[in-house]
Amino acid sequence: MTDSKYFTTTKKGEIFELKAELNSDKKEKKKEAVKKVIASMTVGKDVSALFPDVVNCMQTDNLELKKLVYLYLMNYAKSQPDMAIMAVNTFVKDCEDPNPLIRALAVRTMGCIRVDKITEYLCEPLRKCLKDEDPYVRKTAAVCVAKLHDINAQLVEDQGFLDTLKDLISDSNPMVVANAVAALSEIAESHPSSNLLDLNPQSINKLLTALNECTEWGQIFILDCLANYTPKDDREAQSICERVTPRLSHANSAVVLSAVKVLMKFMEMLSKDLDYYGTLLKKLAPPLVTLLSAEPELQYVALRNINLIVQKRPEILKHEMKVFFVKYNDPIYVKLEKLDIMIRLASQANIAQVLAELKEYATEVDVDFVRKAVRAIGRCAIKVEQSAERCVSTLLDLIQTKVNYVVQEAIVVIKDIFRKYPNKYESVIATLCENLDSLDEPEARAAMIWIVGEYAERIDNADELLESFLEGFHDESTQVQLQLLTAIVKLFLKKPTETQELVQQVLSLATQDSDNPDLRDRGYIYWRLLSTDPVAAKEVVLAEKPLISEETDLIEPTLLDELICYIGTLASVYHKPPSAFVEGGRGVVHKSLPPRTASSESTESPETAPAGAPSGEQPDVIPTQGDLLGDLLNLDLGPPVGGPPLATSSVQMGAVDLLGGGLDSLIGGPNFVAPPAAAVPSNLGTSMGSGLSDLFDLTSGVGTLSGSYVAPKAVWLPAMKAKGLEISGTFTRQVGSISMDLQLTNKALQVMTDFAIQFNRNSFGLAPAAPLQVHAPLSPNQTVEISLPLNTVGSVMKMEPLNNLQVAVKNNIDVFYFSTLYPLHILFVEDGKMDRQMFLATWKDIPNENEAQFQIRDCPLNAEAVSSRLQSSNIFTVAKRNVEGQDMLYQSLKLTNGIWVLAELRIQPGNPSFTLSLKCRAPEVSQHVYQAYETILKN
């Protein structure tokens, strides 16, 4: 007899009977009773009253009975926490049972009992199980840590379970490795800031080794973990790809998609010239094609993912068009998805095949599908210019069928074809006009009205046609009303004498009789334009229109890059990032593709103007001028040069007069007065001799006067947080002036204009000294580099950390906020060299508790080189002496707000570690000055 008998009893007083049976001495009777209890629990009866009796049955060697009792325990532990504590002893005992199945069962159940009171009792058994000799127990314990972390994260961290989990990644058993990765990934998701999965080449190697031997779901966890890793260079990326490629032939579609995700991500780092890149493209196609032979639901998921892949790398599937041809028995959702991909893959080589298919689809019975097929023909015409003629004749054939919805869709797409190829296919307008009466959908009516208005001069009875639409003006949808208003105004501008009455009629309908604000506004604009300046009206209304782009429904590039990182997840089916549909956004981290490595593509040097940016469009700001002054000064032109360009405060404000006397003084012209020796900034001495080498040294930023270190540009505002605007930047100090060097990249699909920038109050009063000038509109995929001069006369407010700068950038789309840390050495001024006597007196005067000591490690420079390098960033050596074989450098620097910092640097020849002692009246500055020392000496 089957177990169904346990579900059939509905006797009263059943609980008492069960209680008696549970306490029976006979093992078989006990087992039967527990099965009845579980059956009652399953159908929703409350059997919590039997808790102590069921828990008593735990003391058994019978594995089946133990499983049933544990099942009961998991269900009722939450409602009976005090009772559940009774079971703890049994867990502890079971975790030491000789049978590994029982040990694993105990630890698994422990993880499922979500009761705070019990968790601390479970730490010891869990610790033992994590180090158990049996891999089955270890893999179960690994998952238990993730469950325990969900209940009490602090406890897990205090008990050191996370470190044990990390150790399990090196386990000899692949399943243990997979579960450890799964557990760590789960924990890391709920704590995005913690760097739990600290991936490095060694741990990646272990994961790849385990990948070949663990179960399919284990492989998915490992592959997903690999996808979060960023290889250090293209060679490492290639070696990982080579070891992941065999997963593409796996039978489980989830494994295949996870492998595709890893490969798509790492391909970003490979050079397209590599042979391996081509091989990888060929290997990616067959598994994706195979996914399309699965059941419809899986096909749909595969197609949604393929849609993303084709947008990113169409070359993968360009020869596989036939697999996307629609089968008669495909469900509608699969058909529509296949159609979409067919259009994306359409090219000159396969367009004949595609058109023949699409024409066939347009005669199907499914209305939605037919509409999409007709639209697809129009999209093909726009995408592949050579096919436009064939597409138009195919659409005309379809219009002749006189099937209402086919005609309407055809007219909508023909309007787009006219926009793409003006003055080419206007001969078909007569055929379109014949079908005017059958149009009843707003989109088709609006398209037809647009065609009539746009080509009014070629249609003899254009006024009659538009007048026929005007009769039911108020019953039309807004879309049609707006289009009709514009079309009649166009007609009037082309044939003013015949259509004066018509235009007055439509203007009064739009402005006086309508309550739609959009329609009224447009009506008034046209009315005023026509009444005040007909010539201007003609220029505005009949202006040449931009051609429409090929693919209008492409996903925005930044979003596409993020979705590629989520292949095989729900995000790739919705085509939305997880933050858009995960409630509460717990642990949702924005992902992006790794940057291309330097060896894979010739990276543009920051000095070269970005492609597409007009030359000479740089705003006229200090750094470009300062560079010129700096280079002239660096060339040893004769007498020592200094003074004017540095000393003037106007330098800081961004108004250097390059030719008005500036160069006279440089080359000793009539007005030249040699400055006294003291006026020569001491930092010039070092850069003088290396004039030519500085001039041609393009690596250290453009030859700066003081040679101050410039950090490479970092991304401050990623495109996904700023609706497609990406801002990278760095700070520089040149010729006594500070600037923020920005790189703005438009990764959106629309043009960006009207840029402005503002800083929040900050510790040193940094503020823009001039507006942010982006001279030309920033087109999609264009990058522009701008140098924004800064001064230190803004409002001051102490920030945490001290060098934090909060910035707001505005453009025509929105206002975006970000914060960045500026390196303190940009605030070190040129007159920071203190007199020796003064240095000694100040050092003694500053209390000892203000002294801070730091270690600078791994710096193989000698005292000379250190002194020279620091001097180029305005840290001046006041005195130097040798004490017991140690070089002691005494240095001073001054910040823009007048704070002096004194330093003692001890250098033991041959030892790469230096000791830095700093004294300052504002000790909070010391840490940041130390960081400046580190940055300057190590770069």
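Look a little higher up for the structure.
This is a predicted model, so every value here is computed, not measured.

Cut-offs and rules
- Residues numbered from 1 in each chain as written.
- Predicted model: local features only at pLDDT ≥ 70, side-chain atom pairs only at ≥ 80, totals over all residues.
- Heavy atoms only, no water.
- Helix = DSSP H or I, 4+ residues; strand = E, 2+ residues; numbered from the N terminus.
- Buried < 20%, exposed > 50% of the residue type's maximum accessible area, 1.4 Å probe, protein only.
- Contact = heavy atoms within 4.5 Å.
- Pairing = 2+ DSSP bridges.
- Axes fitted to C-alpha atoms, helices over the stretch in contact; angles between N-to-C directions.
- Lys, Arg positive; Asp, Glu negative; His and termini not counted.
- Salt bridge = Lys/Arg side-chain N within 4 Å of Asp/Glu carboxyl O.
- Polar contact = N/O pair within 3.5 Å; in protein donor to acceptor, adjacent residues only side chain to side chain.
- Expected span 1.5 Å × (residues − 1).
- Parallel < 35°, antiparallel > 145°, perpendicular 65-115°, else oblique.
- Left-handed = near helix turned anticlockwise from the far one by under 90°.
- Nonpolar A, V, L, I, M, F, W, Y, C, P; charged D, E, K, R; others polar.
- Phe/Tyr/Trp six-rings, centres within 6.5 Å; stacked < 30°, edge-to-face > 60°.
- Core = buried A, V, L, I, M, F, W, Y, C linked by side-chain atoms within 4.5 Å.

Asks: Honestly, the overall build of the chain in this entry has me stumped. Any pointers?
Replies: If you tally the helices and strands in the chain, you get 41 helices and 13 strands. Counting every position in the chain, which comprises 939 residues, the buried fraction comes to 51%. Restricting to contacts in the chain with at least 6 residues of sequence separation, those with at least 24 account for 68%.

Asks: Quick question: what am I supposed to make of the sheet that holds strand β12 (residues 900-907) here?
Replies: By definition, the strands of a sheet pair up through backbone hydrogen bonds, in either a parallel or an antiparallel sense. Judged by pairing direction, the sheet is antiparallel, and its 5 strands sit side by side in the order β9-β13-β12-β11-β10 without closing on themselves. With one partner strand each, in any of the chains shown, β9 (851-856) and β10 (876-883) form the two edges of the open sheet. Within this sheet the neighbouring strands show an average axis-to-axis angle of 20°, counted without direction. With 6 bridges joining them, β9 and strand β13 (residues 914-920) adopt antiparallel strand pairing. Paired with Q853 across the bridge in β13 is S917. In this fold helix α39 (residues 836-845) packs onto β9, β10, β11 (886-894), β12 and β13, with an angle of close to 95° to the strand it touches most, β12.

Asks: I'm lost on the side chain of D741 in this one. Help?
Replies: Relative to the assigned elements, D741 resides in strand β3 (residues 737-746). It is K713 that comes nearest to the buried, bridge-free D741 among opposite-charge side chains, at 5.4 Å. Polar side-chain contacts of D741 include one of 2.6 Å to the side chain of S787.

Asks: Please clarify how helix α23 (residues 404-420) should be interpreted in this entry.
Replies: What sets the pattern is the α-helix's 3.6 residues per turn: residues three or four places apart point alike. Helix length check: α23, at 17 residues, gives a terminal C-alpha distance of 25 Å against a target of 24 Å (1.5 Å per residue), a fit within 8%. For α23, the buried fraction is high: 12 of the 17 residues fall into the buried class. When we look at burial in α23, the residues that qualify are V406, V407, Q408, E409, A410, I411, V412, V413, I414, I417, F418 and K420. The elements touched by buried residues of α23 are α21 (367-383), α22 (388-400), α24 (429-434) and α25 (442-454).

Asks: Any chance you could explain the packing of helix α13 (residues 201-211) against helix α14 (residues 216-227) here in plain terms?
Replies: The geometry of a pair of packed helices is captured by two quantities: the angle between their axes and the separation between those axes. The geometry of α13 relative to α14 is characterised by a closest axis approach of 10 Å and an angle of 150° between their N-to-C directions. In terms of their interaxial angle, α13 and α14 are classed as roughly antiparallel. In the packing of α13 onto α14, the handedness of the crossing is left-handed. Contact residues: α13 offers I204, L207, L208, A210 and L211, while α14 offers Q219, I222, L223, C225 and L226. For the contact of α13 with α14, the per-class residue count stands at 9 nonpolar, 1 polar and no charged.

Asks: Just to check I follow, could you spell out the packing of helix α15 (residues 234-244) against helix α16 (residues 253-267) for this structure?
Replies: Two elements in contact, α15 and α16, have axes whose closest approach is 10 Å; the angle formed by their N-to-C orientations is 160°. The orientation of α15 with respect to α16, classified from their angle, is roughly antiparallel. At the point where α15 passes α16, the crossing takes the left-handed sense. Mapping the contact onto sequence places A237, I240, C241 and V244 in α15 and A259, V262, L263 and F266 in α16.

Asks: When you look at the packing of aromatic side chains in this model, what are you seeing that I'm missing?
Replies: Given two aromatic rings, their pairing is described by the distance between the two centres and the angle made by the two planes. By the definition in use, this model includes 13 aromatic pairs. When the centroid spacing of 5.2 Å and the interplanar angle of 40° are considered together, the rings of Y361 and F369 count as tilted. Each member of the pair, Y361 together with F369, is buried. Where F731 meets Y822, the ring centres are 6.1 Å apart and the plane angle is 70°; that geometry is what we call edge-to-face.

Asks: How should the sheet that holds strand β1 (residues 714-717) be read in this particular structure?
Replies: Strand order in the open sheet formed by 5 strands is β1-β2-β3-β6-β5, with antiparallel pairing between adjacent strands. If you trace the sheet from one side to the other, it starts and ends with β1 and β5 (767-768), each paired once. With 8 bridges connecting them, β3 and strand β6 (residues 783-791) associate as antiparallel partners. Each bridged residue has a counterpart across the sheet, and for Q743 the counterpart in β6 is E785.

Asks: Whenever I open this one, the nonpolar core confuses me. Can you help?
Replies: When a protein is soluble and globular, its nonpolar side chains tend to lie buried together. The biggest cluster of nonpolar side chains holds 212 residues, and the ones touching the most others in it are Y72, L126 and F418. Leaving out residues up to four positions away in the same chain, F418 has contacts with Y425, E426, V428, I429, L432, W450, I451 and Y455.

Asks: Mind showing me how you'd approach the pattern of salt bridges here?
Replies: In a structure, side chains of opposite charge can pair up when their charged atoms sit close to one another. Under the criterion given, the structure shown has 34 salt bridges. With a closest N to O distance of 3.0 Å, K359 and D397 form a salt bridge. Taken together, the positions of K359 in helix α20 (residues 351-361) and D397 in helix α22 put the pair 38 residues apart, joining distant regions of the chain. Residue classification places K359 among the partly exposed positions, given a relative accessible area of 34%. A residue is classified by how much of its surface remains accessible, and D397, at 40% relative accessible area, is partly exposed. Where E785 meets K713, a salt bridge forms, and the shortest distance between an N and an O atom there is 3.6 Å. Here the residue E785 occupies a position in strand β6, and K713 occupies one in the loop between α38 (691-696) and β1, the gap between them amounting to 72 residues. Overall, the relative accessible area of 29% leaves K713 in the partly exposed class.

Remember that the coordinates give geometry; whether it matters functionally is a separate question.
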